[in-house]
Amino acid sequence: METILILVAVLGMLVVGFLVSAVWYRPRKGRFHVTRRNPRWFVFQTNFGEFTIDGGNGNLIVKTRKGMKTVKLVDIHRLAYRYNEKEATFSDIARGWNIWNYARKYRDVVGWFEISAVLSDGKKVPIYAIGQYEPRELWSEWWFNLEKALLAKLGLFTDVEERSRAVLKELKGAFAAAGRPLNLM
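These notes cover the structure that comes with them. The shown structure was predicted, so the numbers you read here are calculated from the model rather than taken from an experiment.

1. Quick word on the layout of surface pockets
Looking at the largest pocket, its volume works out to about 230 Å³. Considering every element that reaches the lining of the largest pocket, the biggest residue donor is helix α3 (residues 141-153), with four residues. Of the residues assigned to the lining of the largest pocket, the class counts are five nonpolar, one polar and six charged. A volume near 190 Å³ is recorded for the second largest pocket. Taken together, 13 residues form the lining of the second largest pocket, with F48, G49, T64, R65 and K66 sitting closest to its centre. Elements supplying a minimum of two residues to the lining of the second largest pocket: β4 (49-54), β5 (59-64), β6 (67-72) and β9 (124-134). Counting residues per element, the lining of the second largest pocket draws most heavily on β6, at three residues.

Put into structure tokens, the structure is as follows:
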């Protein structure tokens, strides 16, 4: 009887551990919702606001909390797709600070994939961003990969790079349909 209780306790701890990991790995931002799609309009919402690609008038209309602005499609030079890392100090401390965290290489980060429209004058209009926690501990990469694979099998892990590339593909298609095919250059 005692052995069964120990086994149940160990299994329970493993399940709780994986559920906590699912919370850590959840995507940050990453909202992309198409609300209207037809030959003339492509309207979508992201964490940055509501965007309308108006092929009929040749405009990109951006509505944010701060207001609304219109950009001519011909003024958009290209799309920028980039990856950026920001240190996840709180996560590092919460998951257990250790001596390896003094080396920048082993500090946990949140990896961000970002898509922006680059205008002819060099200014950028942020369109989409999605991020995900990435733990970095010496000799533990195998464990993190196993953890992600198991969570993915259970539907509790989203590959944010894959998601960002799908959004990029959809945006490129929408701009092309509006008469302004854009590259990444």
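Following the structure, the description resumes.
2. Some points on the packing of aromatic side chains
In this structure the tally under the stated criterion is eleven aromatic pairs. Between F42 and F44, the ring centres sit 5.5 Å apart and the planes meet at 45 degrees, which makes this aromatic pair tilted. Ring centres of Y81 and F113 lie 6.2 Å apart, and the angle between their planes is 25 degrees; on these two criteria the pair is classed as stacked. Of this pair, Y81 sits in strand β7 (residues 76-87) while F113 is found in strand β8 (residues 109-119), placing the two residues 32 residues apart along the sequence. The burial state of Y81 is the same as that of F113; both residues are buried.

Calculation notes
- Residues numbered from 1 in each chain as written.
- Predicted model: local features only at pLDDT ≥ 70, side-chain atom pairs only at ≥ 80, totals over all residues.
- Heavy atoms only, no water.
- 1 Å grid on protein atoms, 1.4 Å probe; cavity = no way out; pocket = protein on both sides within 12 Å on 5 of 7 lines; lining within 4 Å.
- Points joined across faces, edges and corners; volume = space filled by probe spheres on them.
- Helix = DSSP H or I, 4+ residues; strand = E, 2+ residues; numbered from the N terminus.
- Nonpolar A, V, L, I, M, F, W, Y, C, P; charged D, E, K, R; others polar.
- Phe/Tyr/Trp six-rings, centres within 6.5 Å; stacked < 30°, edge-to-face > 60°.
- Buried < 20%, exposed > 50% of the residue type's maximum accessible area, 1.4 Å probe, protein only.

What is shown is where atoms sit, not what they do.
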